There are 2 protein chains.
Amino acid sequence: MCTTCGCPEEGHDHHHDHDGHLPGTRITIETDILAKNNRYAAGNRALFKANGIFALNLVSSPGSGKTTILERTLCDLSGNLRCAVIEGDQQTDNDARRIAATGVPVKQINTGAGCHLDAHMVGHALEELPTREMDILFIENVGNLVCPASFDLGEAHKVVVLSVTEGEDKPLKYPQMFHAADVMLLNKIDLLPYLDFDVEKCLEMARRVSPGIRIFQLSAKSGQGMAEWYEWLRGKG
Amino acid sequence: MCTTCGCPEEGHDHHHDHDGHLPGTRITIETDILAKNNRYAAGNRALFKANGIFALNLVSSPGSGKTTILERTLCDLSGNLRCAVIEGDQQTDNDARRIAATGVPVKQINTGAGCHLDAHMVGHALEELPTREMDILFIENVGNLVCPASFDLGEAHKVVVLSVTEGEDKPLKYPQMFHAADVMLLNKIDLLPYLDFDVEKCLEMARRVSPGIRIFQLSAKSGQGMAEWYEWLRGKG
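Some remarks on the overall build of chain A
Link 1 in the chain: Each helix and strand counted, chain A has eight helices and seven strands in total.
Link 2 in the chain: Expressed as a percentage of its 237 residues, the buried residues of chain A come to 62%.
Link 3 in the chain: Long-range contacts, defined here as pairs at least 24 residues apart, represent 70% of the contacts in chain A between residues at least 6 apart.
Link 4 in the chain: Accessible area of chain A: about 8,900 Å², with a carbon and sulfur share of 49%.

Here's what the structure looks like:
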């Protein structure tokens with residue numbers, strides 16, 4: 001486990017201690033961080049179950065289009081389903097303001113220098129959302145393809161968003177995240193004509209690290225492919 | 001300071017401990033992580049100075065085009081300057097192989113689940129590179145706009161790469177990184193005709209969090225704007 005990000009760390013030794021600092025103490029404390037997170041995640045999961053809430057944890061690189069996907073999804077589903085959103089960002093409430101404009105309840109979490117949401121933060125945010133009147137909760141994580149992979153928030157699924165502008169090799173380069181996700185939204189497909197992006201190669205790479213991953217190809221800008229994603233949401237996974 | 005990423009953490013309390021775990025011990029250990037990193041960074045910096053090496057730490061989101069920028073830069077500068085590269089990735093040696101194809105010395109670091117390079121890893125990689133015959137060292141960090149901001153590798157400058165496909169608001173949403181960088185490469189400008197991206201707004205936001213930041217607008221794919229970047233590199237910043 002890496003002392004600097006709290007993630008499990010295998011097959012390399014850069015944090016093995018060369019000058020005698022407390023390795024045992026480090027391991028205990030880091031294990032405690034994830035164990036404690038898992039306790040809070042279990043609490044969130046129980047709350048979701050008790051209230052029939054389908055909770056999704058949206059993860060991606062910065063700028064892959066999570067917020068734009070949410071804006072369009074919330075507008076298009078609002079007639080049928082009661083949605084709410086938790087917005088995670090290092091700074092600014094830009095995204096929360098964009099979501100609030102759709103009329104859906106939203107709670108912002110600013111992580112400051114923090115690199116991911118944890119289950120404790122989400123639990124606090126839930127106290128300020130109408131959990132008794134909610135069918136789907138979208139949790140938009142901090143834009144980061146590494147650290148959020150290790151933190152269970154109590155969600156039903158991690159949904160990884162990958163924009164075609166990022167290159168088809170990302171599932172292999174960030175395997176923890178794609179392995180942790182069981183749904184992938186391949187976004188910005190309206191830009192494919194202007195890019196050298198091999199869709200089939202990307203899907204093959206995603207399936208290599210996460211066999212059985214459910215993949216939707218879409219563009220939140222043009223609307224292409226959104227219907228299949230909505231169908232999946234309406235069936236609640 | 002956040003126990004899970006090792007980054008300084010201000011103005012929020014989610015990691016304040018609610019059930020009695022060793023907060024004092026945590027702070028001591030986390031401070032130690034950055035202090036230890038800074039000692040290794042000082043060692044790297046001394047080595048760079050002794051050998052006249054101009055070292056740059058390239059940071060960005062996954063898929064912003066760091067490797068493509070490097071490939072083109074190395075090919076175009078190889079007649080004049082002796083370059084070398086350290087490649088940081090969670091997994092795969094794809095990028096290192098792309099760099100090796102340019103004929104430039106390259107050393108791969110796989111961080112596994114780790115979310116950033118640290119100065120200790122870089123020091124080890126330097127042992128396997130020809131530091132006596134090197135004018136510029138490019139360190140390509142793990143694609144992550146959060147955690148690498150806190151880790152000095154001994155570089156002269158952090159160079160943040162932002163692709164226009166990521167949206168103009170990223171400097172405000174990831175202010176630690178843009179504040180830590182004093183050079184920004186705004187990449188993929190060949191795609192501007194197909195996007196809603198406000199260049200002036202982006203530059204203004206970057207300057208708001210990092211006054212005096214040096215900005216190059218370019219496309220590693222079309223070659224547009226690369227000459228100004230090369231001129232800056234030849235003058236060694």
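Further notes follow.
Description of the pattern of salt bridges
Pairing between side chains becomes possible if they bear opposite charge and their charged atoms approach one another.
Link 1 in the chain: For the coordinates displayed, the defined rule picks out 26 salt bridges over all chains.
Link 2 in the chain: The closest approach of N and O atoms between Asp89 of chain A and Lys173 of chain B, which form a salt bridge, is 3.4 Å. Taken together, the positions of Asp89 of chain A in strand 2 (residues 83-89) and Lys173 of chain B in helix 5 (residues 170-173) put the pair across two chains.
Link 3 in the chain: Lys173 of chain B gets classed as buried once you look at its relative accessible area, which sits at 5%.
Link 4 in the chain: Arg208 of chain A is the salt-bridge partner of Glu204 of chain A, the closest N and O atoms lying 3.0 Å from each other. Placement of the pair is Glu204 of chain A and Arg208 of chain A together in helix 7 (residues 199-209), with a separation of four residues, close to one helical turn.
Link 5 in the chain: Under the relative-accessibility criterion, Arg208 of chain A is labelled exposed at 52%.
Link 6 in the chain: Sharing partners across several salt bridges, the network here consists of Glu71, Asp89, Asp95 and Arg98 of chain A together with Lys173 of chain B.

Side note on the pairing of strand 2 of chain A
Each regular strand carries side chains that alternate between the two faces of the sheet.
Residues and elements named next belong to chain A.
Link 1 in the chain: When you tally the buried positions in strand 2, you get seven out of seven residues, the bulk of the element.
Link 2 in the chain: Alternating positions in strand 2 separate into two faces, Cys83, Val85, Glu87 and Asp89 on one and Ala84, Ile86 and Gly88 on the other, with burial throughout.
Link 3 in the chain: Pairing of strand 2 with strand 4 (residues 136-140), which is carried by five bridges, proceeds in the parallel orientation. Bridge pairing in strand 4 links Ile86 to Ile139.
Link 4 in the chain: As defined by bridge partners, strand 2 adjoins strand 3 (residues 106-110) across five bridges and the pair is classed as parallel. Each residue of the ladder has a partner; that of Ile86, found in strand 3, is Lys107.
Link 5 in the chain: Following the chain from strand 2 across helix 3 (residues 94-100) to the adjacent parallel strand 3, one finds a crossover that is right-handed.

Comments concerning the sheet that holds strand 2 (residues 83-89) of chain B
Residue and element names in this part refer to chain B.
Link 1 in the chain: Strand order across the open sheet formed by seven strands is 3-2-4-1-5-6-7, with parallel pairing between neighbours. Both outer strands of the open sheet, strand 3 (106-110) and strand 7 (214-217), are each paired with one neighbouring strand and no more. Between one strand and the next, the sheet's axes are offset by a mean angle of 20 degrees, whatever the strand orientation.
Link 2 in the chain: Set on the sheet, helix 7 (residues 199-209) makes contact with strand 5 (157-163), strand 6 (183-187) and strand 7; between it and strand 6 the angle comes to about 160 degrees.
Link 3 in the chain: Set on the sheet, helix 8 (residues 226-234) makes contact with strand 1 (54-60), strand 4 (136-140), strand 5, strand 6 and strand 7; between it and strand 1 the angle comes to about 140 degrees.

About the thresholds
- Residues numbered from 1 in each chain as written.
- Chains lettered and ligands numbered in written order.
- Predicted model: local features only at pLDDT ≥ 70, side-chain atom pairs only at ≥ 80, totals over all residues.
- Heavy atoms only, no water.
- Helix = DSSP H or I, 4+ residues; strand = E, 2+ residues; numbered from the N terminus.
- Buried < 20%, exposed > 50% of the residue type's maximum accessible area, 1.4 Å probe, protein only.
- Contact = heavy atoms within 4.5 Å.
- Areas by Shrake-Rupley, 256 points an atom, 1.4 Å probe, with all protein chains shown as cover.
- Salt bridge = Lys/Arg side-chain N within 4 Å of Asp/Glu carboxyl O.
- Pairing = 2+ DSSP bridges.
- Right-handed = clockwise from strand over helix to strand, strands pointing away.
- Axes fitted to C-alpha atoms, helices over the stretch in contact; angles between N-to-C directions.

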